[in-house]
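So the chains spell out like this:
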Amino acid sequence: MRETAVPSADQNGTAATFGVLGPVEVRAPGRPPAPLPPSVRALLARLLLSPGRVVSVDGLTDALWGEDLPSDAVNALQIRVSKLRRALASAGLDGGVLVTQAPGYRLAVPAEAVDACRFELLLGRAREEGAAGRTASALDHLNQALGLWRGPALADAGGTEWAAAESARLEELRLGAVEHRDELRLESGGHNEVVADLERLVADHPLRERLHRLLMLALYRAGRQAEALAAYQALRRHLADELGIDPSPELQALAEAILRQQVPPAAMPATAAPAEGRTASAPAAARDDRLPRRLTSVIGRDDDVSTALRRLAEARVVTLTGPGGVGKTTLALETARRADASVADRVRLIRLTALEAGADVADAFAAELGVMTPPGSDPADAVADHLAHGGTLLVVDNCEHVVDDVAVLVERLVGDCPGLRVLATSREALAIPGEVQVAVGPLAVPEETEDVDAIPAAPAVRLFLDRARAVRPSFTLDASSAPVVASICRQLDGVPLAVELAAARIKALAPADIEARLRDRFSLLTAGPRTGEARHRTLRATLDWSHDLLTEAERRLLRRLAVFRGGWTPAAAEEVCAFAGITSGEVLDLLFRLVDRSLVVPEPVTGRFRLLVTVREYAWARLGEAGEAAECRDRHLGHCLRLAEEHGPRVRRDGGAWARLVEEHDNLRAAVDHSIESGDVEKGFRLAGALTDFWGYGLRHEGTRVLTALLETGGGSLLARARALQGIGFMHVYYPTPRSVAAAAESLALFEELGAVRDAAVSRLVVAWAGQYGGDVEEHRASLERSRRDLGDAEAGTDDGWWQVMTYYLEALLTLRLGDFGTAVRQWRHTRDLIRSFGDSMMDGAVAAHLGLALREAGRHEQALGFLEEAAGDGREPRSPHGLAFALVHLAHAHLDLDPHADVAALLAEADEVARRAHNPRCRAWAAWGRARAALAGDDVRTALERCREALALLEEREFPWARARLWSLTAECAEAAGLPDEAERARRAAAVLASSA
């Protein structure tokens, strides 16, 4: 089709303009905005945001309909295009402005004709002016940019994924522009004028730290120090309540400075240019710098840039160290761009990637700097002469493969050139006098428990989203995709290169497919930029580069360390990795060398070390190639078995033993899995047996998985198998299943067959424990008496002594089941005295919680609150998720007993989350029950009924009959109030049956 320029309506050549910063509009010269049919607004908006560029048919159909494509999408698009041409003609534009051009359509208008493009152009100019110190000009550009907005972006362009994503992007830019404007006004002394604006913005965006920082500064400089600190405290509470995090270190430092009245004053109001005879302190944008233009956004590195700039102000040699792909080069370049004249008058970049080991480093420096070296002269002298005058920031990138030669040259240059500062990047430090190291870590990733709404704020997720949109602009995060992207980022440890390579696969794969394929990440993550350095085009190439720089001994240790999961201690590394070419005495030095080379991550607080997941996967492959995997795994299994048998029996009374096993849990899991895979199940049974008590207090589902897997091998001695069955029964005593009940009964039969009296006594107690909700109480009591006799006069502090105490615990539990609450209170008090003499703090908390429950049911609510609060504290330290969840739900119910309108939402939410993560359906049921009571008190009978139904489904028959009868009665009340008489009658009958059996 013939291409036509946008017509001009007047003699001055004024062009038509288009708007998306508000409702989509077309304004022909000399005319008001033309009305557009709803069917063409989204199509026009999509074309406007790529002015002058072809948008493919696929891109347009994706923007218009997303995944809900019409049956003939191409024909439907052609109809929309025809309608748009007519609408443009009606608005006074030549229909030829919309050009058909393979593989789609193009709107033949300049970018300046679209308000969103003008907006971004003005923002760029404002940043440049601000960076050059021309504040007034920067403010003028920002005001012009913000003046283009007429309402929410793409306000009437429809609700497709593309429109939502683009609208969110533009709105984020708008808010950033407002922040930038207020920051400039604030730094120009306009603190009084911006306070009201910032207070409104903070109210609208309560979690945005930059706004809070500006508000705190404005209030402080306006003489309102107390209000500035109050604003900080409000943010701190909000972040803790909403996200469970603290304010950033930068904001904490500002609050401290405000408290000490050490905040620097605002700059004097700036003019468009510095006064005559003076030089503005301008960053790199205003200097003769030779840095590459930034082609992609820098995400999540503001704090790191600030740290690097502070170190450059303090030291003349700063080295950014970190593993390959972590973003050292990106950080160095961004730091150099933001460095002002107090750091250097000019910036020069030395890239050493292509330099081969053994080449002349000084010669490479000279070539990069454009310094001519006369024949026969030393290039190091020429470089020193070139850098001797003025202040230069020398960015030396990728030093690791020539680190020794670079160190010698940099030390000389810094000594000869007083105005020189060096910012180096390397996988290991230069190790020269005066050097300051800045460790560059991966981007922060969301926690596994992170709320879905908070996931997009994590820096690694922001990077993934940004790079994914580069290849698929319509990509957005929603409730289903956000947790998957968070998992991808966690599995990649937040390493920027790995995240970017994964995001590039969004063009062809769904997030769930990418996550699944990370099992073979080195085959998946191969889509780096064609123009990038070869070692950054694939994940494997990045790690090959680091691996090839190691000595043979370092390579041996690195691959053997891959056997560990979740980290290791130096002693563990010595025990597992010292064989075939590495002695125990060499391990520590080699380990420190791997730390220096950024391949091993130290954790100074705990004294442990770990590998990033991707490094571990790479090293694991190398371990297999070396033929050492089997021996390494056998040695690791032996180490874990010794660890478990040392600490496992002590977890009931030794918090240190508990913490040690928590630390090593991933290793212990891997060791058990190896025992099964290798056929060494006897060691597996020993290891699992040593961990049964540990699992019983916390990860019961994990213990059940392991014990079941061991039993399914068919191996192991009869005694070992019986103890595994006993363990399965033991870990389900509070919410038994038919399988766990059968396992306990089978273990008892096997022990009796083997004549193992002590083991049979324990299994008998497990069977009675699992029968707390049903069965013959007198039969269970007889089992308690028999076990008490068979265990004999066990010595206090021994395992048998603990089980003797448990006979009294179970006696009180059976009394509680019968509803004899007064007697139960006395029995729980006696049991608590016994358990405290044993020193089991976690079981002490469980007894306190049950005592609180008995007091509740006895009508002594105030006393119940005290014991339940104590039990909740015991459940947190050392952490016992089941005990904590039980204490929290009954604490909430105790408050509702005293006041049906009590605010227990937070207690119930915490209890439900803890129980969910611990796979505890019983406590989740009590949490739903509490929500039902609260909803009913608020006359929300529908919600109350839903929560009752949820509680009944979760509880099944795993609760005392009197409690289940009460829940059914509450369900009947709610159903009756909701106008459901049949459901109410069924609930009343169920309650009556349970009440008669209680």
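- An unreviewed UniProt entry lists the chain under the name BTAD domain-containing putative transcriptional regulator, from Planomonospora corallina.
- Listed in UniProt under the heading Sequence similarities (unreviewed entry), the comment for the chain reads: "Belongs to the AfsR/DnrI/RedD regulatory family."

1. What to know about the pattern of salt bridges
Then, in step 1: Tallying each qualifying case throughout the model produces 80 salt bridges.
Then, in step 2: The salt bridge involving Asp304 is made with Arg301; its shortest N-O contact spans 2.8 Å.
Then, in step 3: When its relative accessible area of 7% is taken as the criterion, Arg301 is described as buried.
Then, in step 4: Put simply, Glu628 and Arg560 hold a salt bridge, and the shortest N to O gap is 2.9 Å. With Glu628 in the loop between helix H25 (613-625) and helix H26 (629-647) and Arg560 in helix H22 (residues 552-561), the pair connects residues that are 68 residues apart, well separated along the chain. For the pair shown, Glu628 and Arg560 are each scored as buried.
Then, in step 5: Each of the salt bridges in this network shares a partner with another, and the network as a whole consists of Glu172, Glu179, Glu183, Arg208, Arg210 and Arg213.

2. Details of the sheet that holds strand S3 (residues 54-56)
Then, in step 1: Taken together, the 3 strands give an open sheet; going across it, the order is S3-S5-S4, and neighbouring strands pair in antiparallel fashion. Across the chains shown, the open sheet's two edge strands, defined by having one partner strand only, are S3 and strand S4 (98-101). The mean inter-strand angle of the sheet, taken between neighbouring strand axes irrespective of direction, is 30°.
Then, in step 2: Along the sheet face, helix H1 (residues 38-48) touches S3, S4 and strand S5 (104-107) and points at about 75° away from the line of S5.
Then, in step 3: Where helix H3 (residues 73-90) meets the sheet, its contacts fall on S4 and S5, and the angle it forms with S4 comes to roughly 150°.

3. Looking at the sheet that holds strand S9 (residues 420-426)
Then, in step 1: With parallel pairing, the 5 strands of this open sheet are ordered in space as S7-S8-S9-S6-S10. Both edges of this open sheet fall to strand S7 (346-351) and strand S10 (435-439), since each of them pairs with a single strand only. For this sheet, the mean inter-axis angle between neighbouring strands, taken without regard to orientation, is 20°.
Then, in step 2: Alignment of strand S6 (residues 317-321) against S10, held across 5 bridges, turns out to be parallel. Within the sheet, the bridge partner assigned to Val318 lies in S10 and is Val436.
Then, in step 3: Together, S6, strand S8 (392-397), S9 and S10 form the strand contacts of helix H11 (residues 302-314), whose direction differs from that of S9 by roughly 140°.
Then, in step 4: Taken strand by strand, helix H15 (residues 403-416) contacts S6, S8 and S9, and its axis lies near 165° from that of S9.

4. Thoughts on the packing of helix H28 (residues 665-678) against helix H30 (residues 700-712)
Then, in step 1: The contact between H28 and H30 brings their axes to 10 Å, and the two run at 15°. As the angle between them shows, H28 and H30 are arranged roughly parallel. Viewed along their axes, H28 and H30 form a crossing whose handedness is left-handed. Between H28 and H30, the residues in contact are His665, Arg669, Val672, Asp673, Ser675 and Ile676 and Glu702, Arg705, Val706, Ala709 and Leu710, respectively.
Then, in step 2: A breakdown of the residues in the contact of H28 with H30 according to their chemical character gives 5 nonpolar, 2 polar and 4 charged.

5. Side note on the side chain of Asn920
Then, in step 1: Take Asn920: it is sitting in the loop between helix H40 (905-917) and helix H41 (921-937).
Then, in step 2: A residue is classified by how much of its surface remains accessible, and Asn920, at 4% relative accessible area, is buried.
Then, in step 3: A distance of 3.2 Å separates a polar atom in the side chain of Asn920 from the backbone nitrogen of Arg922.
Then, in step 4: Side-chain polar atoms of Asn920 contact the backbone nitrogen of Cys923, separated by 3.0 Å.

6. A short note on the packing of aromatic side chains
Then, in step 1: Summed over all chains, the structure comprises 14 aromatic pairs.
Then, in step 2: Where Phe730 meets Trp803, the ring centres are 5.7 Å apart and the plane angle is 65°; that geometry is what we call edge-to-face. With Phe730 in helix H31 (residues 718-730) and Trp803 in helix H35 (residues 799-818), this residue pair connects regions lying 73 residues apart in the sequence.
Then, in step 3: Ring centres 6.4 Å apart and planes at 85° place the aromatic pair Trp769 and Trp803 in the edge-to-face group. With Trp769 in helix H33 (residues 757-770) and Trp803 in helix H35, this pair connects stretches of sequence that are 34 residues apart.

7. A closer look at the environment of Arg213
Then, in step 1: You can see Arg213 is positioned in helix H8 (residues 209-221).
Then, in step 2: Sequence spacing of Arg213 and Arg150 is 63 residues, and the spatial spacing of their C-alpha atoms is 28 Å.
Then, in step 3: Setting aside chain neighbours within four positions, we find Arg213 in contact with Glu183, Glu250, Leu251 and Leu254.

8. A closer look at the nonpolar core
Then, in step 1: Formed by 126 residues in total, the largest nonpolar core has its most connected members in Trp769, Trp803, Tyr809 and Trp828.
Then, in step 2: Counting 85 residues, the second-largest nonpolar core is a separate cluster that includes Val24, Leu123, Ala177 and Leu235.

9. Some points on unusual backbone geometry
Then, in step 1: Its identity as a non-glycine residue notwithstanding, Asn398 has a phi of 65°, on the positive side.
Then, in step 2: Mapped onto the secondary structure, Asn398 falls in the loop between S8 and H15.
Then, in step 3: Unusually for a residue other than glycine, Ala580 sits at a positive phi of about 45°.
Then, in step 4: Within the secondary structure layout, Ala580 lies in the loop between helix H23 (570-577) and helix H24 (584-596).
Then, in step 5: A residue is classified by how much of its surface remains accessible, and Ala580, at 53% relative accessible area, is exposed.

10. Some details on the packing of H26 against helix H27 (residues 655-663)
Between two packed helices, both the angle of their axes relative to each other and the distance between the axes serve to describe the pair.
Then, in step 1: It is the contact of H26 with H27, at a shortest axis distance of 10 Å, that shows an interaxial angle of 155°. By the angle class used here, H26 and H27 are roughly antiparallel. As for how H26 packs across H27, the hand of that crossing is left-handed. Between H26 and H27, the residues in contact are Leu643, Ala644 and His647 and Ala657, Arg660 and Leu661, respectively.
Then, in step 2: Across the contact of H26 with H27, the residue classes break down as 4 nonpolar, 1 polar and 1 charged.

11. A short note on a nonpolar patch on the surface
Then, in step 1: On the surface, Leu718, Leu719 and Leu754 cluster together to form a nonpolar patch covering roughly 220 Å² of accessible area.
Then, in step 2: Locating Leu718 in the fold gives a position in helix H31.

Calculation criteria
- Residues numbered from 1 in each chain as written.
- Predicted model: local features only at pLDDT ≥ 70, side-chain atom pairs only at ≥ 80, totals over all residues.
- Heavy atoms only, no water.
- UniProt positions renumbered as here; feature names shortened; annotations may be inferred.
- Salt bridge = Lys/Arg side-chain N within 4 Å of Asp/Glu carboxyl O.
- Buried < 20%, exposed > 50% of the residue type's maximum accessible area, 1.4 Å probe, protein only.
- Helix = DSSP H or I, 4+ residues; strand = E, 2+ residues; numbered from the N terminus.
- Pairing = 2+ DSSP bridges.
- Axes fitted to C-alpha atoms, helices over the stretch in contact; angles between N-to-C directions.
- Contact = heavy atoms within 4.5 Å.
- Parallel < 35°, antiparallel > 145°, perpendicular 65-115°, else oblique.
- Left-handed = near helix turned anticlockwise from the far one by under 90°.
- Nonpolar A, V, L, I, M, F, W, Y, C, P; charged D, E, K, R; others polar.
- Polar contact = N/O pair within 3.5 Å; in protein donor to acceptor, adjacent residues only side chain to side chain.
- Phe/Tyr/Trp six-rings, centres within 6.5 Å; stacked < 30°, edge-to-face > 60°.
- Core = buried A, V, L, I, M, F, W, Y, C linked by side-chain atoms within 4.5 Å.
- Patch = residues over 30% accessible without salt bridge, like charges linked within 9 Å, V, L, I, M, F, W, Y side chains within 5 Å.
- Areas by Shrake-Rupley, 256 points an atom, 1.4 Å probe, with all protein chains shown as cover.

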